[in-house]
Amino acid sequence: MKPRRTNGSVKKFGVVVFPGSNCDHDAYHALGKVLRQDVRFLWHKDSSLDGVDAVILPGGFSYGDYLRGGAIARVSPIMKEVVSFADAGGIVIGICNGFQILCEAGLLPGSLIRNAGLTFLCRFVHVRVEHTRSAFTSGCREGEVLKLPIAHGEGNYFADAETLAGLERNNQIIFRYCDAGGSLTGEANPNGSLNGIAGIVNERGNVMGMMPHPERATDPVLRETDGAKILLSTISHLVEKTQLTHSTI
Amino acid sequence: MYLAKINVTLRPSILDPQGKAVQHAIASLGMEDVRDIRMGKYIEMKISSDDAEAAGRIADEACRKLLANPVMENFEVTLEEIR
């Protein structure tokens, strides 16, 4: 499948670079070179988001994962701006280490702990799209199975029972690990995440965190392009949002 | 000046696969009686305050805001006066 472009509409993405981020260029490449969006890097010491329409917290090992994954990154100067941006309804995507940072920052509930099998996992997995009423999955089919790469040692999603029940009730779980046929089996869950959680959104639906890497499965030259569906959904959402804003003026 | 000695431990409800692996390793050394290993972090922090209560508050705040993640960890602080 060739990722399609969104009818010429270009949105502005900011990829935050922390010391130790290592998927920042992947996100930049996927959004800028493959999907033809306007994308720029935002340095962790910056105190402005440069007017972007969406923020990406990329994967990697910010601050060497010292203390806990994402714990130190979340006190970076730029995170104050990211939190205000999210509070104002701005679209924020955290991938892998970015997901950990969003949890540490309190923008998403729960936490990512050590993989149940203790090892670092770097391979393809399947995730099931749990619903398409989110800004990040509108271009997918309900129950669609996406093939995406993971690369993490701490991706085991944990939250207390009450938080977990809330996530289920509010349809905040948008991706679960599954097998190639879409079944939620124990073997398909690579890291022990509760309820097979691979990705969630906040209650308002504008902040999303996921452990798999959509940006590494977007460029057709890498063969797997399911990640493009997530990024294109986000772009479409931003385009619609702009059109709505214009039509209400 | 106070020295805060801080232990950060996983909450009991959280599985600790690392502790489990270490326990298996210890069992393989023949120490079969060792049970329930839980791994944690130990942190030392000097606080320039002459007031034990204020130093305790600072240590507590540091734990809540950064050193421990309340979703999955508990912490314990002991204070020692140093010169």
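Above this text is the structure in question.
Just so you know, these numbers come straight off a predicted model, no measurement behind them.

Participant: It is not clear to me how the overall build of chain A should be interpreted in this structure. Could you clarify?
Facilitator: The helix and strand tally for chain A stands at 5 helices and 11 strands. Principal axes of the C-alpha set define a box for chain A whose edges measure 50 × 40 × 35 Å. Considering only contacts in chain A between residues 6 or more positions apart, those separated by 24 or more positions represent 76%. Accessible area of chain A: about 10200 Å², with a carbon and sulfur share of 50%. If the 25 positive side-chain charges of chain A are averaged to one point and the 25 negative ones to another, these points end up 4 Å apart.

Participant: Explain the sheet that holds strand S2 (residues 40-47) of chain B here, please?
Facilitator: Whether parallel or antiparallel, the strands of a sheet pair through hydrogen bonds between backbone atoms. All names here are of chain B. A sheet is described by the order of its strands in space; here 3 strands give the open sequence S2-S1-S3, paired in antiparallel fashion. Of all strands in the sheet, those with a lone pairing partner are S2 and strand S3 (73-81), marking the two edges. For this sheet the average axis-to-axis angle between neighbouring strands, irrespective of direction, equals 20°. Lying on the sheet, helix H2 (residues 52-67) is in contact with strand S1 (2-10), S2 and S3; it crosses S3 at an angle near 155°.

Participant: Whenever I open this one, the interface of chain B and chain A confuses me. Can you help?
Facilitator: Put simply, an interface is often sized by how much accessible area is lost when its parts join up. Every contact between the two is made by 14 residues of chain B and, on the other side, 13 residues of chain A. Here chain B packs against chain A, burying approximately 1200 Å² in sum over the two surfaces, 65% of which is carbon and sulfur. Among the residues of chain B in contact with chain A, Pro17(B), Leu66(B) and Val71(B) are the three that bury the most area, contributing 38% of the side total. At the boundary of chain B and chain A, one finds 1 salt bridge. Here chain B is connected to chain A by 6 residue pairs in polar contact (both at pLDDT 80 or more). Of all the secondary structure elements, the ones that give two or more residues to the side of chain B that touches chain A are helix H1 (17-28) and H2 of chain B. Of the residues that constitute the side of chain B that touches chain A, the class distribution is 8 nonpolar, 3 polar and 3 charged.

Participant: Would you take a moment to explain the packing of aromatic side chains for this structure?
Facilitator: What characterises a pair of aromatic rings is the spacing of the ring centres plus the angle enclosed by the ring planes. All names here are of chain A. Applying the stated criterion across every chain, the model contains 3 aromatic pairs over all chains. Ring centres 4.5 Å apart and planes at 20° place the aromatic pair Tyr28 and Phe41 in the stacked group. Taken together, the positions of Tyr28 in helix H1 (residues 24-34) and Phe41 in strand S2 (residues 38-43) put the pair 13 residues apart, joining distant regions of the chain. Judged by its relative accessible area of 31%, Phe41 falls in the partly exposed class.

Definitions and limits used
- Residues numbered from 1 in each chain as written.
- Chains lettered and ligands numbered in written order.
- Predicted model: local features only at pLDDT ≥ 70, side-chain atom pairs only at ≥ 80, totals over all residues.
- Heavy atoms only, no water.
- Helix = DSSP H or I, 4+ residues; strand = E, 2+ residues; numbered from the N terminus.
- Contact = heavy atoms within 4.5 Å.
- Areas by Shrake-Rupley, 256 points an atom, 1.4 Å probe, with all protein chains shown as cover.
- Lys, Arg positive; Asp, Glu negative; His and termini not counted.
- Charge placed at Lys NZ, Arg CZ, Asp CG, Glu CD.
- Pairing = 2+ DSSP bridges.
- Axes fitted to C-alpha atoms, helices over the stretch in contact; angles between N-to-C directions.
- Buried area = accessible area lost by both parts, 1.4 Å probe.
- Salt bridge = Lys/Arg side-chain N within 4 Å of Asp/Glu carboxyl O.
- Polar contact = N/O pair within 3.5 Å; in protein donor to acceptor, adjacent residues only side chain to side chain.
- Nonpolar A, V, L, I, M, F, W, Y, C, P; charged D, E, K, R; others polar.
- Phe/Tyr/Trp six-rings, centres within 6.5 Å; stacked < 30°, edge-to-face > 60°.
- Buried < 20%, exposed > 50% of the residue type's maximum accessible area, 1.4 Å probe, protein only.

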